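A structural walkthrough
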Amino acid sequence: MTARLIDGKAVAAAERQKCRERVEALKREQGVTPGLAVIMVGSNPASAVYVRNKMRACEDVGIRSERFLLPETSTEDDVIRLIERLKADPDVDGILVQLPLPKHYNIERVLGTIPAEKDVDGFHLYNVGGLVVGGTVFPPCTPYGVMRLLEHEGISVIGRNAVVVGASNIVGKPMALMLMQHEATVSVCHAKTRDLAQYTVLADILVVAAGCPNLITGPMVRKDAVVIDVGINRLPSGELVGDCDFEGVSKRASFITPVPGGVGPMTVTMLLVNTINSAARSAAARDAAGASKSLLGAV
Ligand code: GUN
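All chains use their own residue numbering, which begins from 1 and follows the written sequence. Restriction of local features to residues with pLDDT of at least 70 applies here, the model being predicted, together with a cutoff of 80 or more for giving and counting side-chain atom pairs; totals for whole chains, interfaces and linings are based on all residues. The basis for every side-chain value is the complete set of heavy atoms in the structure, and neither hydrogens nor water enter the calculation.

Strands sit in the order β3-β2-β4 across an open sheet of 3 strands; the sheet is parallel. On the outer flanks of this sheet lie β3 (64–70) and β4 (94–97), each paired with one strand and no other. On average, adjacent strands in this sheet sit at an angle of 15° to one another, irrespective of strand direction. Where strand β2 (residues 35–41) meets β3, 7 bridges bridge the pair, whose relative direction is parallel. Residue G35 lies in a different strand from β3, and its bridge partner there is R64. Packed onto the sheet, helix α2 (residues 45–61) meets β2, β3 and β4 and runs at close to 170° relative to β2. Two strands qualify as a pair provided DSSP detects at least 2 bridges between them. Each helix corresponds to a stretch of at least 4 residues labelled H or I by DSSP, and each strand to a stretch of at least 2 residues labelled E; elements are numbered beginning at the N terminus. Only the contacting stretch of a helix is used when fitting its axis, a line to C-alpha atoms as for every element, and angles between N-to-C directions run 0 to 180 degrees. Any two residues having at least one pair of non-hydrogen atoms within 4.5 Å are treated as being in contact.

Residues in close proximity to the ligand include K54, L96, V97, Q98, L99, D121 and F123, which together make up its full environment. A 3.5 Å cut-off defines polar contacts: any pair of N or O atoms within that distance qualifies, except that in protein one atom must be a possible hydrogen donor and the other a possible acceptor, and neighbouring residues in sequence count only when both atoms are side-chain atoms. V97 places a polar main-chain atom, nitrogen or oxygen, 2.8 Å from a nitrogen atom of the ligand. L99 places a main-chain nitrogen or oxygen 3.0 Å from a nitrogen atom of the ligand. Contact with the protein chains hides 81% of the accessible area of the ligand, taken as 270 Å² for the molecule alone. Residue composition of the shell around the ligand, grouped by class: 4 nonpolar, 1 polar and 2 charged. Neighbouring residues are identified by heavy atoms, a residue being near a molecule or strand if any of them is within 4 Å of it. Note on areas: these come from Shrake-Rupley sampling with a 1.4 Å probe, and a residue is covered only by the protein chains present in the view. Lys, Arg, Asp and Glu make up the charged group, whereas Ala, Val, Leu, Ile, Met, Phe, Trp, Tyr, Cys and Pro make up the nonpolar group; the residues left over, Gly among them, are polar.

And the structure:
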């Protein structure tokens, strides 16, 4: 049997249509246009492509976006001053600092300056902590996109064995926490895991985010597993591949995400969802403040 493809491009397109409608409604009913500020330091070519894609996606659904390009020579304090300014700007609903930052930066300090309520990447400690105890304002975009894909395909994770390969702060760790929140039994593996296959063969749901082409081969996958490949690797030939041997794995899995066209389109889409949610929260908070002011006026 060959696995069913999970078409991330199609799911993302449907989600973006919903985003467009929500942005229109916010404009019409509240006079609010959601706004995203994207900060990039230096000129990493991959980051430049990601940033351009994010700006285009915003434009596509009617979100205002502004890019702040800082030279490689900028100091951590320069970036923090910019974030402080954007933090105080009521027209900015989301602030995103594209990673990686220059090596000598203290990333935690920079990301910690973004207030949790404008942290549409979901990297702030408050948002990360919320994944453990509940109450996250914004879930991080890639694992959020994976959960949305599973939901769209009608795949329940409750009580199932989920194995996450890769323990990064951006994908692996929050992915594991989200699966746990949804009552899966979760194992987290990483580059140093001894005999990776002994874990992966147990997975009903296998999420791979290790950044290593062909890490997962067919025999490492349980028959009828759901395989979500988050990897994006450029081979010397120029071909874009995930972390799975697609041919081999798709012969054993029941569902699989392709690369490209699987998780990738969902990541940017969930950034749009978070930004719109942020604008809607701010508008609701302003309305509530206005209502209590007018009540006070009536006393
Ligand atoms: N670099 C690679 N992935 C991401 C992401 O999801 N957000 C940000 N800000 N930077 C990244």
